[in-house]
Amino acid sequence: MQLIDGKATATAIKAEIAEEVKQIVANGGKQPHLAAVLVGHDGGSETYVKNKVLACEACGFKSTLIRYEADITEEELLACVDKLNKDEDVDGFIVQLPLPKHIDEQKIIEAIDYRKDVDGFHPINVGRMAIGLPCFISATPLGIITLLKRYGIETSGKKCVILGRSNIVGKPMAQLMMQKQYGDATVTVCHSRSQTLKEECREADIIIAAIGKPNFVTADMVKDGAVIVDVGTTRVPDATRKSGFRLNGDVDFENVAPKCSYITPVPGGVGPMTICSLMKNTLAAGKKEYYK
Ligand code: GUN
């Protein structure tokens, strides 16, 4: 069994990005600039956004954090998006999700200029990704594809089962694993209503678990030599930690790991790669790689 070290891979990629940024700036080019909008004080979102700002520093990017209280109106948030769309210094920006209930998330996503949508959530980017055109690909699926590639894991023609059908992970992951230029695999998507989920998993060469249920994937669901990618990051109370919680993956790591050829840990697997992919997208935005 080989552990897939997302933390080390992300650190290496951020160093590569920093090197490229140094070259760009030395040649008189513009330092990439990422802006992040954070609404309210959700613990998870605070951590994610803090880590995104730190990653910008590691990559040599400029970053701007815009904070609002949870009672901001939808109109005010739309005005902020409009301002960022028009700000010529900002190459890309994200609005951290989830948003408070009184704000229509989809409306906010669709208000973002797709050329600055480094999250890859705008329907134009989602659609272009689905038909294999150059675009911003959402960070978690892109991070997983990058990990599989960097570890030289063969995916072409393999049987890949994806657990979960979210817009952020499951659906784009299925698209990418299916496409010839990325996974080139045979893909099955299972979700909470799937009647043959366990059977599908048992036949899978690769399982990508993104359902948000701690320890859902057990050893009896995994065939010998399978590749396991764990996207789960559920906060589980843990009195022994200073924070009072620990992150728990969707996979029963202790019992599943011995059966695998490769497995990602939680934390230190997919998580760091997600932020690293956002940095890749921001670099591409700065270079106007996909859109003028
Ligand atoms: N919330 C959870 N994941 C993400 C992400 O990748 N981007 C944004 N904007 N919000 C999130």
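That block above? That's the structure.
Residues numbered from 1 in each chain as written. Predicted model: local features only at pLDDT ≥ 70, side-chain atom pairs only at ≥ 80, totals over all residues. Heavy atoms only, no water.

Novice: So, the overall build of the protein: which residues are in play, and what are the values?
Specialist: The secondary structure content of the protein amounts to 10 helices and 11 strands. Taking the principal axes of the C-alpha coordinates as reference, the protein spans close to 55 × 40 × 35 Å. Taken across its 292 residues, the protein has 47% of its residues classed as buried. Taking as baseline every contact in the protein between residues at least 6 positions apart, the subset at least 24 positions apart corresponds to 71%. As displayed, the protein offers around 14000 Å² of accessible surface, 52% of which is attributable to carbon and sulfur atoms. Charge centroids of the protein, computed over 36 positive and 37 negative side chains, lie 2 Å from each other. (Helix = DSSP H or I, 4+ residues; strand = E, 2+ residues; numbered from the N terminus. Buried < 20%, exposed > 50% of the residue type's maximum accessible area, 1.4 Å probe, protein only. Contact = heavy atoms within 4.5 Å. Areas by Shrake-Rupley, 256 points an atom, 1.4 Å probe, with all protein chains shown as cover. Lys, Arg positive; Asp, Glu negative; His and termini not counted. Charge placed at Lys NZ, Arg CZ, Asp CG, Glu CD.)

Novice: Please provide a residue-by-residue account of the sheet that holds strand 8 (residues 227-230), values included.
Specialist: Sheet strands pair by backbone hydrogen bonding; their relative direction is either parallel or antiparallel. As summarised here, the arrangement of the 6 strands in space is 1-11-8-7-5-6, forming an open sheet in which the pairing is parallel. Edge positions in the open sheet fall to strand 1 (2-3) and strand 6 (186-190), since each of these has one partner strand only. Sheet topology note: the strand 5 (residues 159-163)/strand 6 ladder contains 5 bridges and is parallel. In the strand pairing of strand 6, lysine 159 is matched with threonine 186. (Pairing = 2+ DSSP bridges.)

Novice: Any details on the packing of helix 1 (residues 6-26) against helix 2 (residues 43-59)? Residues and values, ideally.
Specialist: For the pair helix 1 and helix 2, interaxial distance at closest approach is 7 Å and the crossing angle is 55 degrees. Between helix 1 and helix 2, the angle is such that the two are oblique. For the pair helix 1 and helix 2, the contacting residues are Lys14, Ile17, Ala18 and Val21 in the first and Ala55, Ala58 and Cys59 in the second. Split into classes, the residues belonging to the contact of helix 1 with helix 2 amount to 6 nonpolar, no polar and 1 charged. (Axes fitted to C-alpha atoms, helices over the stretch in contact; angles between N-to-C directions. Parallel < 35°, antiparallel > 145°, perpendicular 65-115°, else oblique. Nonpolar A, V, L, I, M, F, W, Y, C, P; charged D, E, K, R; others polar.)

Novice: For helix 7 (residues 170-178), give the residues involved together with the corresponding values.
Specialist: Buried residues of helix 7: Gly170, Pro172, Met173, Ala174, Leu176 and Met177, and no others. Those residues of helix 7 hidden inside the fold are in contact with helix 5 (123-130), helix 6 (139-150), strand 5, strand 6 and strand 7 (206-209).

Novice: Kindly report on the environment of valine 25, identifying the contributing residues and their values.
Specialist: Relative to the elements of secondary structure, valine 25 occurs in helix 1. For valine 25, a relative accessible area of 42% puts it in the partly exposed group. Sequence separation between valine 25 and cysteine 56 is 31 residues; the distance between their C-alpha atoms is 15 Å.

Novice: Tell me about the environment of alanine 185, residues and numbers included.
Specialist: Tracing the chain through its elements places alanine 185 in the loop between helix 7 and strand 6. Sequence separation between alanine 185 and glutamate 254 is 69 residues; the distance between their C-alpha atoms is 27 Å. Those residues within four positions of alanine 185 in sequence are excluded, and the remaining contacts are Thr155, Gly157, Lys158, Cys160, Met177 and Met178.

Novice: Any chance you could break down helix 2 for me, citing the residues and the numbers?
Specialist: With 17 residues, helix 2 should cover 24 Å at 1.5 Å per step; its first-to-last C-alpha distance of 25 Å lies within 8% of that length. Where helix 2 is concerned, the buried positions are Ser45, Val49, Lys52, Ala55, Cys56 and Cys59. Angular distribution of buried residues about the axis of helix 2 spans 120 degrees; they occupy a single face of the element. Opposite the buried face of helix 2, by more than 90 degrees, sit the exposed residues Lys50 and Glu57. The inward-facing, buried residues of helix 2 abut helix 1, strand 2 (33-39), strand 3 (62-68), strand 4 (92-95) and helix 10 (270-286). Here helix 2 starts with a cap whose side-chain oxygen sits 3.3 Å from the backbone nitrogen of glycine 44, and that cap is aspartate 42. One or two positions beyond helix 2, positive phi appears at glycine 60, with a value near 75 degrees. (Expected span 1.5 Å × (residues − 1). Arc of directions from axis to C-beta. Polar contact = N/O pair within 3.5 Å; in protein donor to acceptor, adjacent residues only side chain to side chain.)

Novice: Residues and numbers for the side chain of glutamate 74, please.
Specialist: Assignment of secondary structure puts glutamate 74 in helix 3 (residues 74-86). Side-chain polar atoms of glutamate 74 contact the side chain of lysine 107, separated by 2.9 Å. Contact partners of glutamate 74, with chain neighbours within four places excluded, come to His102, Ile103, Asp104, Lys107 and Ile108.

Just geometry here; none of it tells us what the structure is for.
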